[in-house]
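Structure assessment
These are the residues of each chain, in order.
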Amino acid sequence: MTATTLPAAPSGVDIKARPAVARRAPRGENRAGWLFATPFLALYIAFLIGPVLIGLVISLFNTTTVKAGVGDWVGLSNYADVLSNGDFWASMWHSVLFTLLTTPLLVLLPLMFAIFASRISRNQWFFRLAFFAPYVVPSAAVCLIFAFMYTPETGLITNAFSWVGLSAPNFFGTTSGAWFAVVLLTVWWTFGFNFILYTAAIQEISEEVYEAALIDGASPWQQIRMITIPLLRPTMGLVLILQVLSSLKVFDQIYILLAGGPAYSTRPVIQYIFDTGFSAYRGGYAAAATMVYFVVLVVISAGWFLARRRSPANA
Amino acid sequence: MPEFSRRQFLTAGAGVTLAVAMSGCASPIVTSFTGGQPKTADVIYWHLFGGGDGANMATMVKQFQESSGESVESTLLSWGNPFYTKLSLAASSGRPPDVTISHLSRLPLLAQAGLLEPIGDQFSAEGVTKAKFTPAAWDKATVDGTTYAVPLDTHPFVLFYNIALAEKAGLLDPTGENLKPMKNADDFVAALQAMKDANGLDYAAVASITADPSTCWRFFLMIYSGVAGPIVTDLGTKVTIDRSAMEETFAFMRSLTQEKALLPGNATATTSSTLFSQGRVGFLFDGVWQIPTYRGIEGLDFNVVPFPALLGPDPVAYADSHSLVVPRSSGRSAARTQNSVRFVKGLLDQSSIWADGGHVPAWLPVQKSKEFLELKPQSNYTEAAFNAVYDPVAWYTGAGSDFQTAMGSVIASVLTGGTDPTSGVDAMTTSLEAFSTARPPV
């Protein structure tokens, strides 16, 4: 059942005949490469490329989730509706605002803690585990636990404010309180991923560099400032772009904790797409909104890619 | 010990998997690939009832199974939008349940999309006919002349009162089982004022206004419908707001929370239940489904009655209904449909159990039965089921919809004093324009 024919060993003739393309893998190896990639490619086409193409098509039709088929041709009018819809742009802004609120925290705090953790000589595993553990908890569980803690009157976080003589913000009833709630939750929850990226990068830095610095009389703080941070710059670039992209995709926390409330004032664009496409049954319109959002994400990624290419320090 | 080669092991594994998958063509694994609802029971039933309603529904299903011998697979899904999303996707992709629940306010879209079987001859053969239902509910179950749903109940927005406080304020009629009759808004305001003054309360009444747009909407539509027709017509594509009626409604509602300070303008669902159960207000404006919440509270003796006529000449009740529907499925056999019809009839016959949750049974044989007439306070507000006004007919309206959230947010800002009645009408109009001009999915 498994087609495990090994590729034939490349013949010497082949290699001799093409000296110019010596760096390219021999044809047989190439074929094996495609063969190994097939399971991934099949899934990638079926669940990513395919749906994107279908989405592109139905964004031109009045497709609905209450009827089979694509519905009536409406041309670009779904796009016109999306681009002129205030709710869509408001939700786009909420996704951007969430990114602006969380990205600096999630790029800098893990860096700080990863450096501190790497400086601890004993039981480092404990700190690594402690910081990474929240990341593996499913979003629904995290949100339910935080919802308990944010509950007015009885919640732990609400009460914690009063211990230090402050009054807790209204986490579910006001827009600012809701943003505070969701940002705090997100930082605690997703902190670990960036922390691990930084930790891995720190381990890559050769011990000898530190040793040399030590011999030259550099203090630990100087070592961090002059060695660790400069050598971590490429990783910081990576973490930054990964964080921006994942923050722009926010959905779970806001949907489960706040349902986009109060009065849709925190609803991110993905929830807008979900609401119009599934709750309001307007599949074609939601597909058009998705495409607009997709273009924005592609532009951001491409911009980052170009910026990185231009500056050799980050290459 | 015999040794398997890896290849033998994989082949055997695949063979076993395939055999399991293919065994019995009705297995859920196969039907998930071929389409169609797996036939794991005589009737597949989906509903959205948690809590007390869920327990009552479970009892009804169990009793039906025992008395009829039919098997029913009952699945509880999450209330509101997620339920309707799942239902419409299941129905449009051809693998719906045999029987499910729909709010009547949510029915127009499902019916227009052709996802439901009409309630036809097979039902009338079992005695399920128009004459045996509350007329307002049956009418709402009828879309473009065809009936698509069997109403199970009516659950109106009603007036709860604290009996001890009402007595002290001299509001009870001689029998002591109801309030003195009120004819209009003036009588109603006078009663609230008396409740507040006689008992020295901060507020006479409470309604959950903050972060509860649906309650705001119910409160508003009840009053507005006394003086004007639906706010949208032509299946939701035409805005037909009566500006002066709406301004009058807003001004009246605002006077209760602001000028007269009879209701707190800032009250969440928790605030309302706390204030009413502790006797800190004499009235509560809420849906009948809240009755079980207050039933067990010690020291709270309350009654529930319909709202009197307010701005208009006749009393109006905002209401919605749960109904039983049979989603369209090409693969359903006649025998299976027959099972479904019997199941629906079986649930109707047990709707006195359902009434325990505060609902008025829509099935007249139960509604007029001695058992229900003796059930208090449920039988007090049967009249409200007959005066019921539902959400306007449109693809975007209905229980838990974005429409209710949008409308309710405007109403809440009027009630809290943030918006004056005239701007409230403008905000409502703007919001409705967005809904009515969006391209309908049907």
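Keep in mind it's a predicted model, so treat the numbers as computed, not measured. (Residues numbered from 1 in each chain as written. Chains lettered and ligands numbered in written order. Predicted model: local features only at pLDDT ≥ 70, side-chain atom pairs only at ≥ 80, totals over all residues.)

1. With respect to the overall build of chain B
- Looking only at helices and strands, one finds 20 helices and 16 strands in chain B.
- A compact globule built from 442 residues would reach a C-alpha radius of gyration of about 22 Å, and chain B, at 25 Å, matches this within 12%.
- Put simply, chain B has 442 residues, and 46% of those count as buried. (Helix = DSSP H or I, 4+ residues; strand = E, 2+ residues; numbered from the N terminus. Rg over C-alpha atoms; globule rule 2.2 N^0.38 Å. Buried ≥ 20, exposed ≤ 12 C-beta atoms within 10 Å, placed from the backbone.)

2. Quick notes on the overall build of chain A
- Of the regular secondary structure elements, chain A holds 14 helices and 0 strands.
- Secondary structure elements of chain A, listed N to C terminal, follow the sequence α-α-α-α-α-α-α-α-α-α-α-α-α-α.
- With respect to the principal axes defined by its C-alpha atoms, chain A has extents near 75 × 70 × 45 Å.
- Split into buried and exposed, the 315 residues of chain A put 27% on the buried side.
- Contacts spanning at least 24 positions in sequence make up 66% of the contacts within chain A whose residues lie at least 6 apart. (Contact = placed C-beta atoms within 7 Å.)

3. Side note on unusual backbone geometry
- In this model, B:Lys376 is joined to B:Pro377 through a cis peptide bond whose omega is 0°.
- As for its placement among the helices and strands, B:Pro377 is situated in the loop between α17 (370-373) and α18 (382-386).
- Located in the positive-phi region is A:Asn123, a residue other than glycine, with phi close to 55°.
- Its place among the elements puts A:Asn123 in the loop between α4 (86-119) and α5 (124-132).
- Positioned with a positive phi, B:Asp234 is a non-glycine residue whose angle comes to about 50°.

4. Focus on the confidence of the model for chain A
- When pLDDT is averaged across chain A, the result is 87; 90% of the residues are at 70 or more.
- For residues 1-19 of chain A, every residue scores under 50 in pLDDT, and the model assigns this stretch 15 contacts once sequence neighbours within four places are set aside. (pLDDT = per-residue confidence, 0-100.)

5. Re the confidence of the model for chain B
- Confidence in the prediction for chain B averages 91 pLDDT; 93% of positions are at 70 or higher.
- Reported confidences for the modelled complex are a pTM of 0.80 and an ipTM of 0.75.

6. A few points about the interface of chain A and chain B
- Of the residues lining the interface, 19 residues belong to chain A; the matching set on chain B comes to 19 residues.
- With 3 residues, the single largest contributor to the side of chain A that touches chain B is helix α13 (residues 269-279) of chain A.
- Classifying every residue of the side of chain A that touches chain B gives 10 nonpolar, 6 polar and 3 charged. (Nonpolar A, V, L, I, M, F, W, Y, C, P; charged D, E, K, R; others polar.)

7. A word on the sheet that holds strand β1 (residues 43-47) of chain B
Residues and elements named next belong to chain B.
- Ordered in space as β2-β1-β3-β14-β6, the 5 strands form an open sheet in which the pairing is mixed. Strand pairing shows two members of the sheet lacking a second neighbour, β2 (72-76) and β6 (150-151), which therefore form its edges.
- The sheet contact formed by β6 and strand β14 (residues 322-325) spans 2 bridges and is antiparallel. Bridge assignment links Pro151 to a residue of β14, and that residue is Ser323.
- The strands touched by helix α14 (residues 334-349) within the sheet are β1, β2, β3 (99-103), β6 and β14, with β1 carrying the most contacts at an inclination of about 45°. (Pairing = 2+ DSSP bridges. Axes fitted to C-alpha atoms, helices over the stretch in contact; angles between N-to-C directions.)

8. Focus on the domain arrangement of chain B
Residue and element names in this part refer to chain B.
- Once the domains are mapped, chain B shows domain 1 (40-151 + 322-361) and domain 2 (157-317 + 395-437).
- The centre of domain 1, based on its C-alpha atoms, is set 30 Å off from the matching centre of domain 2.
- Counting residues at the interface gives 11 residues for domain 1, matched by 9 residues for domain 2.
- Of the residues contributing to the side of domain 1 that touches domain 2, the split by class is 2 nonpolar, 8 polar and 1 charged. (Domains from an automatic or database assignment.)

9. Concerning the pairing of strand β7 (residues 153-162) of chain B
Residue and element names in this part refer to chain B.
- Most of β7 is tucked away: 10 of the 10 residues are buried.
- Taking every second residue as pointing to the same face, both faces of β7 are buried, with Asp153, His155, Phe157, Leu159 and Tyr161 on one and Thr154, Pro156, Val158, Phe160 and Asn162 on the other.
- Pairing between β7 and strand β15 (residues 360-361): 2 bridges, direction antiparallel. Residue pairing in the sheet places Thr154 in a bridge with Val360 of β15.
- As defined by bridge partners, β7 adjoins strand β11 (residues 283-287) across 5 bridges and the pair is classed as antiparallel. In the strand pairing of β11, Leu159 is matched with Phe285.
- With 4 bridges connecting them, β7 and strand β12 (residues 302-305) associate as antiparallel partners. Bridge pairing in β12 links Leu159 to Val305.

10. Notes on the nonpolar core
- Membership of the largest hydrophobic core comes to 129 residues, with the highest contact counts inside it found for B:Ala205, B:Val206, B:Phe283 and B:Ala317.
- Mapped onto the domain boundaries, this core takes at least three residues apiece from domain 1 (40-151 + 322-361) and domain 2 (157-317 + 395-437) of chain B.
- What B:Ala205 contacts, discounting residues up to four positions off in sequence, is B:Leu192, B:Leu262, B:Leu263, B:Val281, B:Gly282, B:Phe283, B:Leu284 and B:Phe285.
- Residues A:Val142, A:Ala181, A:Ile254 and A:Tyr255 belong to the second largest nonpolar core, which totals 17 residues. (Core = buried A, V, L, I, M, F, W, Y, C linked by C-beta atoms within 7 Å.)

11. Quick notes on the packing of α13(A) against helix α14 (residues 283-310) of chain A
All names here are of chain A.
- Running from amino to carboxyl end, α13 crosses α14 at an angle of 165°, the nearest separation of the two axes being 8 Å. Viewed along their axes, α13 and α14 adopt a mutual orientation that is roughly antiparallel. As for how α13 packs across α14, the hand of that crossing is left-handed. Where α13 approaches α14, its residues Val269, Tyr272, Ile273, Thr276 and Gly277 are matched on the opposing element by Gly283, Tyr285, Ala286, Ala289, Thr290 and Tyr293.
- Residue classes in the contact of α13 with α14 are distributed as 7 nonpolar, 4 polar and no charged. (Parallel < 35°, antiparallel > 145°, perpendicular 65-115°, else oblique. Left-handed = near helix turned anticlockwise from the far one by under 90°.)

12. What to know about the environment of B:Asn184
- Within the fold, B:Asn184 resides in the loop between α8 (163-168) and α9 (185-199).
- Linking B:Asn184 and B:Pro308, residues 124 residues apart in sequence, is a C-alpha distance of 6.8 Å.

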